Amino acid sequence: MSPPLLGVEGQSQCNVSLMASSASVDCVSQTGPGLKENNYLGLSDCSSVDSSTVSDVPEENKKNLNLKATELRLGLPGSQSPERDSTFALQCSGKIDEKQLFPLVPSKDGICSLSQKTVVSGNKRGFADTVEGFSESKSSIFSEGNWMFNAAASESGQPKLAGNAGINVMLANRSSGTQSSIKTEGPAKASQESNVKMNGSNTNSAPAAKAQVVGWPPIRSFRKNTLATTSKNNDEVDGKPGPGALFVKVSMDGAPYLRKVDLRTYSTYKELSSALEKMFSCFTIGQCGPQGAPSREMLSETKLRDLLHGSEYVLTYEDKDADWMLVGDVPWEMFIASCKRLKIMKGSDAIGLAPRAVEKNKNRI
Amino acid sequence: MCLFQCMMNYFPEEVLDHVFDFLSSHRDRNAVSLVCKSWYSVERFSREKVFIGNCYAVNPERVLARFPRIRSLTLKGKPHFADFNLVPHDWGGHVYPWIEAMAKNGINLEELRLKRMVVSDESLELLAKSFPNFKSLVLVSCEGFTTDGLAAIASNCRYLRELDLQENDVDDRKGQWLSCFPESCTSLVSLNFACLKGEVNMAALERLVARCRNLRSLRLNHAVPLDSLQKILVQAPQLTDLGTGSYVHEPDSETYIKLKNAIQKCTSIRSLSGFLDVHVQCLPAIYPICTNLTSLNLSYAPGIYSNELMKLISHCMKIERLWILDTIGDTGLGVVASTCKELQELRVFPSDLYGVGNAAVTEEGLVAISAGCPKLNSILYFCQQMTNAALITVAKNCPNFIRFRLCTLNPTIPDAVTNLPLDEGFGAIVKSCKGLKRLSVSGLLTDQVFLYIGMYAEHLEMLSIAFAGDSDKGMLYVLNGCKKLKKLEIRDSPFGNVALLADIGKYETMRSLWMSSCEVTYGACKSLAEKMPRLNVEIINEGDQIEASPDARQRVEKMYLYRTLVGPRRDAPDYVWTL
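All residue numbers here refer to positions counted from 1 along the written sequence of the relevant chain. Written order decides the labels, with chains lettered from A and ligands numbered from 1. The predicted nature of this model means local features are confined to residues of pLDDT at least 70 and side-chain atom pairs, given and counted, to a pLDDT of 80 or more, with totals for whole chains, interfaces and linings taken over all residues. For the side-chain quantities, the full set of heavy atoms in the structure was used; hydrogens and water were omitted.

So what exactly am I meant to see when it comes to the packing of aromatic side chains here?
Centre-to-centre distance and the angle between the planes together describe a pair of aromatic rings. For Phe, Tyr and Trp, rings pair up if their centres lie within 6.5 Å, where Trp contributes its six-membered ring, and each pair is then called stacked (planes under 30 degrees apart), edge-to-face (over 60) or tilted (otherwise). Applying the stated rule across the entire model yields 22 aromatic pairs over all chains. Between the aromatic rings of W216 of chain A and F467 of chain B, the centroid separation amounts to 5.8 Å while the plane-to-plane angle is 85 degrees, which identifies the pairing as edge-to-face. Linking W216 of chain A in the loop between α5 (188-201) and α6 (221-238) with F467 of chain B in the loop between β18 (462-466) and α19 (472-481), this pair reaches from one chain into another. This pair shows no difference in class: W216 of chain A is buried, exactly as F467 of chain B is. Aromatic pair Y56 of chain B and W91 of chain B: ring centres 5.7 Å apart, planes at 75 degrees, arrangement edge-to-face. Of this pair, Y56 of chain B sits in the loop between β1 (49-52) and α5 (60-66) while W91 of chain B sits in the loop between β2 (72-76) and α6 (96-104), placing them 35 residues apart in sequence. Overall, W91 of chain B belongs to the buried group, its relative accessible area being 0%. The ring centre of W324 of chain A lies 5.3 Å from the NZ or CZ of K343 of chain A, which sits over that ring. For a Lys NZ or an Arg CZ to count as sitting over a ring, it must be within 6 Å of the ring centre and within 35 degrees of the ring normal. Above the face of the W91 of chain B ring, R569 of chain B is positioned so that its terminal group lies 4.2 Å from the ring centre. Secondary structure elements follow DSSP: runs of H or I no shorter than four residues count as helices, runs of E no shorter than two count as strands, and numbering proceeds from the N terminus. Buried residues are those whose accessible area, probed at 1.4 Å on protein chains only, stays under 20% of the maximum for their type, while exposed residues exceed 50% and partly exposed ones sit between those limits.

I tried to follow the pattern of salt bridges on my own but got confused; where do I start?
Any two side chains of opposite charge can pair if their charged atoms end up close together. We define a salt bridge as a side-chain nitrogen of Lys or Arg found within 4 Å of a carboxyl oxygen belonging to Asp or Glu. What the rule picks out here adds up to 30 salt bridges over all chains. Among the salt bridges present, the one from R223 of chain A reaches E167 of chain B, with a minimum N-O distance of 3.7 Å. Here R223 of chain A, found in helix α6, pairs with E167 of chain B, found in the loop between β6 (162-166) and β7 (169-171), and the two come from separate chains. Note on E167 of chain B: relative accessible area 17%, which makes it buried. Measuring nitrogen to oxygen at the nearest pair gives 3.3 Å for the salt bridge that ties R173 of chain B to D148 of chain B. Taken together, the positions of R173 of chain B in the loop between β7 and β8 (190-192) and D148 of chain B in helix α8 (residues 147-156) put the pair 25 residues apart, joining distant regions of the chain. The exposure class of D148 of chain B is partly exposed, given its relative accessible area of 33%. Taken together, the shared-partner salt bridges connect R220 and R223 of chain A together with D83, R116 and E167 of chain B into one network.

Any chance you could explain the nonpolar core here in plain terms?
The tendency in soluble globular proteins is for nonpolar side chains to be buried as a group. We call a set of buried Ala, Val, Leu, Ile, Met, Phe, Trp, Tyr and Cys residues a nonpolar core when their side-chain atoms join them within 4.5 Å. Y247, F404, I453, L500 and Y507 of chain B are the most contacted members of the largest nonpolar core, which has 200 residues in total. Contacts between residues were defined by any pair of non-hydrogen atoms, one from each residue, lying within 4.5 Å. The residues contacting L500 of chain B, other than those within four sequence positions of it, are M475, Y507, L513, M515, V520, A524, C525, L528, M559 and L561 of chain B. Within the second largest apolar cluster, 24 residues are counted, among which are M252, L263, F280 and Y317 of chain A.

Laid out in structure tokens, this is it:
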């Protein structure tokens with residue numbers, strides 16, 4: 001399994017999806033506007049304009065952090081990896097952005113939010129049991145369902161956080177791969193400062209950070225257990241996706257690691273295809289250089305599309321019966337109901353299939 | 001008045017007895033028994049149904065001594081917050097001593113209804129063998145028994161009419177308990193085993209249903225497949241309450257067509273639940289019965305998502321009680337508001353239990369419901385966010401709330417628009433709903449909301465508070481203002497000794513008080529216990545937070561106090577200290 005990689009390249013969005021019941025941390029790049037291409041292999045400084053205050057974190061420190069963070073560790077339930085926490089904390093600072101559904105809210109101590117801890121420690125307990133140390137920082141970053149309690153009223157009006165397309169988290173414990181690809185956006189210190197400021201201005205007598213928040217929201221354990229089992233069953237047994245996210249792995253021949261996409265965020269093959277193109281663009285043209293910029297010049301989306309639609313790559317998926325099928329034959333709904341994982345195959349592997357595949361792809365996608 | 005009393009006393013006891021027969025409510029009977037000694041005496045011999053809201057407030061011996069003709073016993077055990085894992089498993093609430101005492105005293109027990117109690121297989125076996133006329137067993141949120149205990153009930157209770165298991169934690173022993181109903185058993189009227197996780201013998205079930213011609217209520221568990229459901233419905237078209245098992249099948253199959261036909265003949269069904277496993281393409285089969293439904297529980301049906309849900313609900317014009325998941329969304333609630341004009345009780349449960357915010361409802365849905373459903377009087381609403389304006393509107397639209405329970409998924413979230421606390425919103429609710437008996441508050445709340453509650457909630461009997469308030473004043477407002485308060489449960493709020501000790505006599509007028517993660521100290525609890533011998537003040541000391549000789553100033557993590565006639569209980573585990 002390829003190690004998780006933390007790209008430090010400046011990004012305007014940092015998304016971390018949380019799977020409380022699994023050990024992996026997944027990052028899904030959004031298909032919203034303004035998505036920058038990621039320099040997965042780059043460990044270098046951020047040269048992007050967005051990250052003006054990133055320089056606070058010393059260069060070698062970052063490199064160290066990266067290396068540490070790329071270590072794959074599986075913790076026993078309840079175990080903690082404090083080093084890793086602080087790693088995350090420094091790297092994953094949340095920018096306040098509506099699109100960002102899982103902003104990482106550093107608490108007063110700069111330790112990253114409980115959810116991070118939960119995930120990192122490989123803790124498989126349910127969310128309610130593992131919520132630890134809720135942040136007292138006042139911010140308007142409040143992602144729906146992120147049950148971090150704000151100690152006092154937010155400063156700015158909280159926009160209605162409707163359940164827009166975005167990160168949906170799979171409840172079932174299916175994924176075995178551990179992938180973290182977290183792009184920092186740089187201004188770790190800045191947001192920490194702003195958080196501290198907000199703390200100062202909001203004095204409230206809400207209870208101090210508790211060790212555990214048990215029993216919230218107040219739902220009978222019977223109900224919790226029943227629904228948890230059902231979602232799992234619905235996903236696995238029926239083959240029908242339950243409500244919520246539908247994450248599937250996407251592998252590409254020759255890429256050092258896999259990605260995951262939430263099929264529910266797309267409604268057509270075309271959307272899926274463009275998302276995958278963006279995700280895997282950097283792999284297609286050999287190795288990316290040490291600097292992000294030159295690579296990007298070499299590479300372009302159209303070039304990748306040509307490649308994908310050309311004889312070189314074919315998009316396939318594994319269905320319920322463990323057969324590898326060509327993407328695009330069946331209606332979209334049927335596809336997402338039966339798709340278990342995706343694979344971008346090299347044309348040479350798809351020999352015999354590829355030429356016709358090209359035609360089909362050109363027609364369908 | 002004096003003349004009237006004399007006249008009433010002149011009536012022979014048989015007449016009083018006959019008059020009291022018309023009193024079914026235990027509150028009325030309690031009131032009647034306080035009038036004078038002779039009324040007390042007549043009443044106690046005529047009472048057949050006894051309700052005990054806290055099983056430790058009294059003991060079996062006293063109950064049986066007072067009500068020797070008891071036929072039906074209702075008991076509640078653990079405090080309400082036990083539902084949310086705040087009370088350790090072996091805290092107590094055992095039913096065995098009660099069954100044992102009744103068996104010893106030759107009581108002619110016919111009905112036993114338990115909530116949040118520990119029921120062992122032993123108790124069930126004793127129950128089954130001791131009372132030949134036993135007819136009705138209802139267990140809600142109980143634990144401690146297995147299907148072996150159920151087998152004992154099935155085998156021995158010859159006249160069993162009702163076996164109703166709601167949301168219990170039952171161990172499955174794979175012993176075919178359902179097959180233990182003898183062929184001679186034809187008396188079943190209600191059978192609910194939806195909470196069981198294991199298999200039952202389908203043939204036995206089908207035969208049982210076929211021979212119980214009075215069966216009205218049947219709730220299956222998810223192990224019962226759709227083709228069995230079809231066969232069952234053919235045998236029992238007289239059902240009024242149905243809970244489906246696994247509602248999964250190919251919609252183009254013969255079985256499904258047969259099911260459709262069978263369901264159409266079930267014209268008496270008024271209550272529907274189940275759908276734990278569901279193929280939405282099979283849902284159209286139930287549309288014909290939807291028009292007559294008065295009660296619909298889809299809160300265990302996460303597989304029915306928003307569009308399907310709305311389609312289904314648009315058929316249910318007569319619904320009075322609706323339990324759903326928040327996957328319905330605000331839009332779906334709009335459909336409910338425009339369709340279900342008879343709606344009285346609505347419960348919207350969260351579907352997303354791991355906090356990653358997918359489907360959820362907001363204040364909009366609640367406002368829509370309040371505007372569209374004038375008969376609404378009971379609500380439990382888990383929501384993403386809330387505003388004061390919405391609550392004020394709801395209060396205006398629905399002044400008839402008896403139960404109002406709002407739970408924001410983030411417990412301290414402020415008004416989503418103004419960022420203010422939700423004090424004014426809840427204040428409007430208590431001011432407008434003069435008949436409010438039960439209230440749960442959540443969101444960002446200061447002492448102000450409790451001032452409103454104390455001032456306006458005159459009939460409030462149960463109040464649940466979490467992560468709210470600023471100071472002791474909050475709790476004091478409630479204790480001083482709510483004269484009819486029976487149960488107060490508080491968690492994670494800054495109320496301390498001053499509030500706890502201000503009016504200790506009040507606690508004898510209440511059933512119980514729960515305070516966890518508040519600011520009360522050991523010393524204050526001890527002092528309270530010393531002054532009030534008719535209260536049990538229990539400290540739940542998990543994880544040895546308090547050492548053997550604790551400091552008076554040490555904070556108490558969990559305190560549960562309740563009035564009692566029989567002193568400290570003897571079945572408390574080590575970590576529960578009755579002060």
